[in-house]
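Here is how the chains run, residue by residue.
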Amino acid sequence: MDIDIVNAAVLLANFVVVPAIAYGSQLALGALGITLVYGILRFANFSHGDLMAFGTMAAILGTWQLQAWGIGLGLLPTALLALPVGIAAAVAAALAADRTVFRFYRVRRSAPMVLSIASVGVMFVLNGVVRVIVGPDDRSFSDGARYLINAREFKSVTGLSEGLSVRTSQVLTLALAVAAVAALFWFLQRTRAGKAMRAYSDNEDLALLSGVEPDRVVLLTWAIAASLAAIAGTLYGLDKSFQPFTYLQLLLPMFAAAIVGGIGQPMGAIAGGFLVAFSEIALTYPYKKFLRYVLPEDMQPDGLVQLLSTDYKLSVSFAILVVVLLWRPTGLFRGRVL
Amino acid sequence: MKRLLAVAAALTMAASAAQADMKVGVLVGFTGPIESLTPNIAAAAELAMKEATDSGAFLGGKKVIPVRGDSTCVDAGAAQAAAERLVTSDKVAAIMGADCSGVTIAVANNVAVPNGVVMVSPSATSPAITTLKDKGLLFRTAPSDARQGEVLAQVVKGRGIKQIAVTYTNNDYGKGLADSFANAFKAVGGKIALAAAHEDGKADYAAEVGALAASGAEHLAVFGYVDKGGKGIIQASLDAGAFDKFILADGMVGESLIKAIGKALEGAAATAPGSDSPNAKKFQEAAKKAGVKGQDPFAAEAYDAAALIVLAAQAAGSMDRAAIQAKILAVANAPGEKIGPGELAKGLKLLAEGKAIDYQGATDVVLTDAGDASGSYKEYEVKDGKFATVRIH
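Residues numbered from 1 in each chain as written. Chains lettered and ligands numbered in written order. Predicted model: local features only at pLDDT ≥ 70, side-chain atom pairs only at ≥ 80, totals over all residues.

Colleague: Explain the overall build of chain A here, please?
Modeller: For chain A, the count of helices and strands is 13 helices and two strands. The C-alpha atoms of chain A give a radius of gyration of 21 Å, which matches the 20 Å a tight globule of 338 residues would have. Considered along the principal axes of its C-alpha atoms, chain A spans approximately 70 × 55 × 35 Å. Looking at the 338 residues of chain A, the share that counts as buried comes to 48%. At a minimum sequence separation of 6, the contacts of chain A that also span at least 24 residues come to 77%. (Helix = DSSP H or I, 4+ residues; strand = E, 2+ residues; numbered from the N terminus. Rg over C-alpha atoms; globule rule 2.2 N^0.38 Å. Buried ≥ 20, exposed ≤ 12 C-beta atoms within 10 Å, placed from the backbone. Contact = placed C-beta atoms within 7 Å.)

Colleague: Is there a simple way to think about the interface of chain A and chain B in this case?
Modeller: Often the size quoted for an interface is simply the accessible area lost on bringing the parts together. On the chain B side, the residues contacting the 23 residues of chain A number 16 residues. With three residues, helix α1 (residues 2-41) of chain A is the single largest residue contributor to the side of chain A that touches chain B. A breakdown of the residues in the side of chain A that touches chain B according to their chemical character gives seven nonpolar, ten polar and six charged. (Nonpolar A, V, L, I, M, F, W, Y, C, P; charged D, E, K, R; others polar.)

Colleague: Explain unusual backbone geometry here, please?
Modeller: Both trends apply: most residues other than glycine have a negative phi, and most peptide bonds are in trans. Note that the residue after G97 of chain B, namely A98 of chain B, is joined by a cis bond; omega there is -5°. Tracing the backbone shows A98 of chain B in the loop between β3 (94-97) and α4 (101-115). Residue P335 of chain B is bonded to the preceding A334 of chain B through a cis peptide linkage, with omega at 0°. Tracing the sequence through the fold places P335 of chain B in the loop between α12 (321-332) and β11 (337-339). The phi dihedral of R42 of chain A is positive, around 65°, even though this residue is not glycine. As for its position among the elements, R42 of chain A is in the loop between α1 and α2 (48-69). Exposure remark for R42 of chain A: the 16 C-beta atoms within 10 Å place this residue in the partly exposed category. Its identity as a non-glycine residue notwithstanding, V305 of chain A has a phi of 55°, on the positive side. Mapped onto the elements, V305 of chain A comes out in the loop between α12 (288-294) and α13 (313-327).

Colleague: Can you walk me through the nonpolar core in this structure?
Modeller: Soluble globular proteins tend to pack their nonpolar side chains together in the buried interior. Ranked by internal contacts, the top residues of the largest apolar core, which has 249 residues, are A45, Y303, A306, I309 and V310 of chain B. When residues of this core are assigned to their parent elements, the largest contribution, 20 residues, is made by α1 of chain A. Summarising the domain contributions, this core has at least three residues from each of domain 1 (2-144 + 277-359) and domain 2 (146-274 + 377-392) of chain B. Every residue in contact with V310 of chain B, bar those within four places of it in the chain, is listed here: A48, M49, A52, F58, V64 and L344 of chain B. (Core = buried A, V, L, I, M, F, W, Y, C linked by C-beta atoms within 7 Å. Domains from an automatic or database assignment.)

Colleague: Looking at this structure, I do not really get helix α3 (residues 76-89) of chain B. What am I missing?
Modeller: Given 3.6 residues per turn, any residue in an α-helix points the same way as the ones three and four places further on. Residue and element names in this part refer to chain B. An ideal rise of 1.5 Å per residue puts 20 Å on 14 residues; α3 measures up with 19 Å between its terminal C-alpha atoms. On its buried face, α3 sits against β1 (22-28), β2 (64-70), β3 and α4. Following α3 by one or two positions, K91 adopts a phi angle in the positive range, close to 55°. (Expected span 1.5 Å × (residues − 1).)

Colleague: Just checking my understanding: could you explain the sheet that holds β3 of chain B for this structure?
Modeller: Neighbouring strands of a sheet are bound in pairs by backbone hydrogen bonds; such pairs are parallel or else antiparallel. Residues and elements named next belong to chain B. Reading across from one edge, β2-β1-β3-β4-β5 is the order of the five strands in this open sheet, with parallel pairing throughout. Each edge of the sheet is formed by a strand with only one pairing partner; in this case those strands are β2 and β5 (138-140). In this sheet, neighbouring strand axes are inclined to one another by 25° on average, regardless of whether the strands run parallel or antiparallel. As judged from the four bridges shared by β1 and β3, these two strands associate in the parallel manner. Looking at β3, one finds that L27 is bridged to G97. (Pairing = 2+ DSSP bridges. Axes fitted to C-alpha atoms, helices over the stretch in contact; angles between N-to-C directions.)

Colleague: Honestly, the domain arrangement of chain B in this entry has me stumped. Any pointers?
Modeller: All names here are of chain B. You can read the domains of chain B as domain 1 (2-144 + 277-359) and domain 2 (146-274 + 377-392). Contacts between the two partners involve 21 residues from domain 1 and, on the opposite side, 21 residues from domain 2. Counting only elements with at least two residues in the side of domain 1 that touches domain 2, the list comes to α4 and α11 (299-316). The greatest single-element share of the side of domain 1 that touches domain 2, amounting to three residues, is contributed by α4. In the side of domain 1 that touches domain 2, the residues fall into 13 nonpolar, six polar and two charged.

Colleague: Is there a simple way to explain the packing of α1 of chain A against helix α10 (residues 246-261) of chain A in this structure?
Modeller: In a packed pair of helices, the relevant descriptors are the angle between the two axes and the axis-to-axis distance. All names here are of chain A. Relative to each other, α1 and α10 sit at 70°, their axes nearing to 8 Å. Looking at the two axes, α1 sits roughly perpendicular to α10. Note on element contacts: α10 touches α1 through L250, P253, M254, F255, A257 and A258, opposite L27, A28, G30, A31, I34 and T35. Considering only residue class, the contact of α1 with α10 consists of ten nonpolar, two polar and no charged. (Parallel < 35°, antiparallel > 145°, perpendicular 65-115°, else oblique.)

Colleague: In this structure, what is going on with the packing of helix α2 (residues 38-55) of chain B against α11 of chain B? I would like to understand it.
Modeller: Residue and element names in this part refer to chain B. Following both chains from N to C, one finds α2 and α11 inclined at 35°, their axes separated by 7 Å at the closest point. For the crossing formed where α2 meets α11, the hand is right-handed. Between α2 and α11, the contacting residues are N40, I41, A44, A45, L47, A48, M49 and A52 on the first element and A299, A302, Y303, A305, A306, A307 and V310 on the second. Classifying every residue of the contact of α2 with α11 by side-chain character gives 14 nonpolar, one polar and no charged. (Left-handed = near helix turned anticlockwise from the far one by under 90°.)

Colleague: I'm lost on the sheet that holds strand β6 (residues 163-169) of chain B in this one. Help?
Modeller: All names here are of chain B. A sheet is described by the order of its strands in space; here seven strands give the open sequence β7-β6-β8-β9-β10-β13-β14, paired in mixed fashion. Unpaired on one side and paired on the other, β7 (191-198) and β14 (386-392) mark the two borders of the sheet. Sheet twist, expressed as the average angle between the axes of neighbouring strands with direction ignored, equals 25°. In terms of strand pairing, β6 meets β7 through seven bridges, oriented parallel. Bridged to Y168 within β7 is A197. The sheet strands contacting helix α8 (residues 229-240) are β6, β7, β8 (219-223) and β9 (245-248), and the helix crosses β8 at an angle near 160°.

Colleague: So what exactly am I meant to see when it comes to the environment of P286 of chain A here?
Modeller: Among the secondary structure elements, P286 of chain A is positioned in the loop between α11 (266-284) and α12. Accessibility expressed as a C-beta count within 10 Å gives 26 for P286 of chain A, which makes it buried. It is 9.4 Å that separates the C-alpha atoms of P286 of chain A and T310 of chain A, two residues lying 24 residues apart in sequence. Apart from the residues lying within four places of it in its own chain, the contact partners of P286 of chain A are L304, V305 and Q306 of chain A together with G210, A211 and A214 of chain B.

Colleague: Looking at this model, I keep getting lost on the environment of N127 of chain A. Mind explaining?
Modeller: Residues and elements named next belong to chain A. Looking at the secondary structure, you find N127 in helix α4 (residues 112-134). By the C-beta count within 10 Å, which is 20 here, N127 ends up buried. Sequence-wise, N127 and A53 are 74 residues apart; in three dimensions their C-alpha atoms are separated by 7.6 Å. Discounting chain neighbours no more than four positions away, the residues touching N127 are D50, A53, P244 and L248.

Printed below as a string of structure tokens:
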């Protein structure tokens, strides 16, 4: 019986907890960018998903170049070295989009909805550019050691009948996400520029009166949001696979995460990211095998005990969005109302 | 003056009629989930057309000119637009294609049947095509998945597997094959632990694999596409340690899968249409000379599909679409002199003399009245980084 409980725990860790932590970190990084842009520039930026794809694409091209030169990180993926390239490209793309599109509407003080619709246009352009440059196909760019803990080895070492697999990319995702979030919070709380950004977000006119330079705040916001997007996108691509249009599909869970947490609240984006990731995976996981371990024999289920078919994974984000907007529009951390 | 004009017009018409070559559409998914297979499929079909052209015997020395169109394998709208272009703008006499079952059915229903154009598909294997109301216009040189399901069931049973989980790509091909496999496997005493569809084009298949693993089976049958979801499912299975023993169907047989997955794929079993008959070997040699990979999936079927169109036109003595349709079964089946691969010149000459032929081709073609091939299957096993042939079913 005891060994069954351990087996059940390992099973759940392997199929739910570990993947959800990695996926949650990726969503949290993406949602942070969305929430920052919303909090400071005051519009829902739909081009964020494709900004991620753009940054990832640059990181992939950088990785290939490094691989061609024979430069690598041994056990770690080479993409880590190419990440600065991805960040630089994403920041450049975001600033270019701001110069050519968003600034025009900002200067006229257009309604947030106008900016949001403009961002849809930016999204299509970015997506097209990515597909032209790297092609629409699946691109693989992960190298180094794929597994930190291999399921088969885990089984033979522990003697359990369930295996646990932890991939390098999953650990890397968590580590980089923690580092990025820590740096962001330090920046927002402790530095002059960070304080200026928060002041601008709180009350634009008052901040301007106190001598905050608006152009600098906008520039910093885009730079930070784009950096987070490039990091999140590259980690997602490393962990899963890179196809230009899958980043568009990430947009909904990321927005759900930002809104659940309370849009404009960085802490909320992180909590929301993990909430959405865990709900998506836990609700679509079939618990048949898990229950076989924990229930006595006469109570074991015949069916899969799956709440939702995996086909409906995306609908979990929709459901969370609807529920939050109906009952608590400010989100968990009392953000703004969209 | 009037007379002169009439003579001139008659002359130019006669000249253009003599010069007009036969255009044949090559409609396969140059983009999409089997794009790594299609260049070779098209090349094999064009090899047969070139052979007919080079013989100088086709309709008194006319050429056969391939016109390519992109079926995309999965997007019915795009495939129909491409077929529409081939039929109305390029005015092809017949179409070699389409490739995947869903788009083949769509193109047949909406383009080929309304326009009366013959389609010979080298690779559409859905059982649904057998009973499709196609007015006798849709033929195929690849056998139906009703048969592949039976062969797969034998392969799985032969490996001593009693219970298996099945995942299939969510379309006509995947569903048809999964159903026919499930029926055949149950008939030989096996148990399907779970049969679940997967969508192509996702970044992550961990959730799908979780469901399949929860079924309790140790083996996973993947009826998907080599460059899309099928590969993702296998990668996710290995990542989670959920499955490491795979059974693959024809859509998954491609070197690119081994390249992407690597050693973990060793020992996987697969089936795809093919045979080791003398004709198959002869085709492979001829293909090799022309720079075509004759062993790759559906290359031989594509060669035969194109050859049937050319021979039917020759038998009809015309490039008329209806005339070609009327002669396809006659040249494909007995009676008549047997024509193997690389012998199109001989076949064309015999037909020109008014004699009957029985085209065997690279796959020993025999067509049923419904236009289906009753072909054979190869069983493969992944060994040393290659799909090695185990036996012929």
